[in-house]
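Secondary and tertiary structure notes
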Amino acid sequence: MNEFNPVAVETFIKAIHDTETHHGSILVSAEFDNSIFDPTLFASNAVYCPPPMFRASRKRQAEYFAGRYLANEAMSSYGINQFKLIADAKRCPQWPSTLVGSITHTDQYAACIVAKKSAIAAIGIDAQDILDDSRAKRVQSRIIDSVESRLIAQSELPPALGLSLCFSAKEAIYKALYPRVQQYFGFNAAKLHSINTIDGKLTFRFDPALWILNNERNTLTVQYQIQGQRLLSCVMLNAAQK
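My aim in this report is to walk through the structure given alongside it, one point at a time. Worth saying up front: this structure is predicted, and the values here are computed from it rather than measured. Note that residues are indexed from 1 along each chain, following the sequence as it is written. Residue-level local features of this predicted model are given only where pLDDT is at least 70; pairs of side-chain atoms are given and counted only at 80 or more, and the full residue set underlies all totals for whole chains, interfaces and linings. Side-chain measures here rest on the full set of heavy atoms in the structure, leaving out hydrogens and waters.

**Some words on the sheet that holds strand β6 (residues 190-196)**
The condition that has to hold: Strand pairing requires that DSSP identify at least two bridges connecting the strands. In this text, helices come from DSSP runs of H or I with a minimum length of four residues, and strands from runs of E with a minimum of two, each type numbered from the N-terminal end. Convention adopted: a line fitted to C-alpha atoms gives each axis, helices being fitted over their contacting stretch, and angles between N-to-C directions are expressed from 0 to 180 degrees. Residues count as neighbours in contact if any of their non-hydrogen atoms are within 4.5 Å of one another.
Spatial ordering of the open sheet is given by β5-β9-β8-β7-β6, a layout of five strands whose pairing is antiparallel. Two strands bound the open sheet, and with one partner strand each, they are β5 (120-129) and β6. Neighbour-to-neighbour, the strand axes of this sheet turn through a mean angle of 25 degrees, independent of strand direction. Both β6 and strand β7 (residues 201-206) contribute to a ladder of six bridges, which runs antiparallel. Paired with isoleucine 195 across the strands is leucine 202, a residue of β7. Helix-sheet contacts for helix α7 (residues 159-181) involve β5, β6, β7, β8 (219-227) and β9 (230-238), and the interaxial angle to β5 is about 145 degrees.

As structure tokens, this is what we get:
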């Protein structure tokens, strides 16, 4: 594309707004085609592009734009328009003071979830393609331990799908809690505690040494959706729990 034949944003991405799935928040998601991305979309849609992104690959620019464009869509639902969404040194988006949010993307899908900070203290979302059996076997020991593996085996979930769900859920947990604790914690900090395939929920228990949550059991529930070969996981910490 060039300045004389710019691509319309609706050709590249079409946002879907969801206010029902995660109560108290708005989820905006979309599939996109990075092969037709035009960098002029940043300026024409008031999406802030940090200088290093101008030097990134076209694929990376497309993914970045998609996430930030959906973030703008989500924030506008709360009356905040053309907000300059920058990131800190750890690449955490710096949301308006009244909101919490999270962004995720795969190669051709992006999503953003935003909520009022007065109701939701922390929020995290993660999209992942379901691992195939071969890759699942290679990475399993980095994501779950033997106890978690047994829980998956005892459930209705195929092993690769169960591992994919844990991977996505733990990523969502990290995105939600890192801005609060401001310290790195790995996959072993959150241990799978229970699986509810009927309601699409996983419960995790935390290492007592990492006392993140102010409840007696120190647990957190992640809601998940299986969308074909893609997973979408979300965790929200109510303001009353902070």
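That shown, we press on.
**What about the pairing of β9?**
Convention followed: Partly exposed describes any residue whose relative accessible area lies between the buried limit of under 20% and the exposed limit of over 50%, with all areas from a 1.4 Å probe on protein chains only and scaled to the type maximum.
By the criterion of burial, β9 is predominantly enclosed, with seven of the nine residues buried. For β5 and β9, the ladder comprises nine bridges, and the chain directions are antiparallel. Residue pairing in the sheet places alanine 127 in a bridge with leucine 232 of β9. Of the pairings in the sheet, the one linking β8 to β9 comprises five bridges and is antiparallel in character. Following the sheet pairing, isoleucine 226 is matched in β9 by leucine 231. The antiparallel hairpin formed by β8 and β9 contains two residues in its connecting segment, where glycine 228 sits at a positive phi of about 65 degrees.

**Here's the deal with helix α4 (residues 58-76)**
Where we set the bar: The span one expects for a helix is its residue count, reduced by one, times 1.5 Å.
Taking 1.5 Å of rise per residue, 19 residues should cover 27 Å, and α4 covers 27 Å from first to last C-alpha, within 8% of that figure. Counting buried positions over the 19 residues of α4 gives 14, a clear majority of the element.

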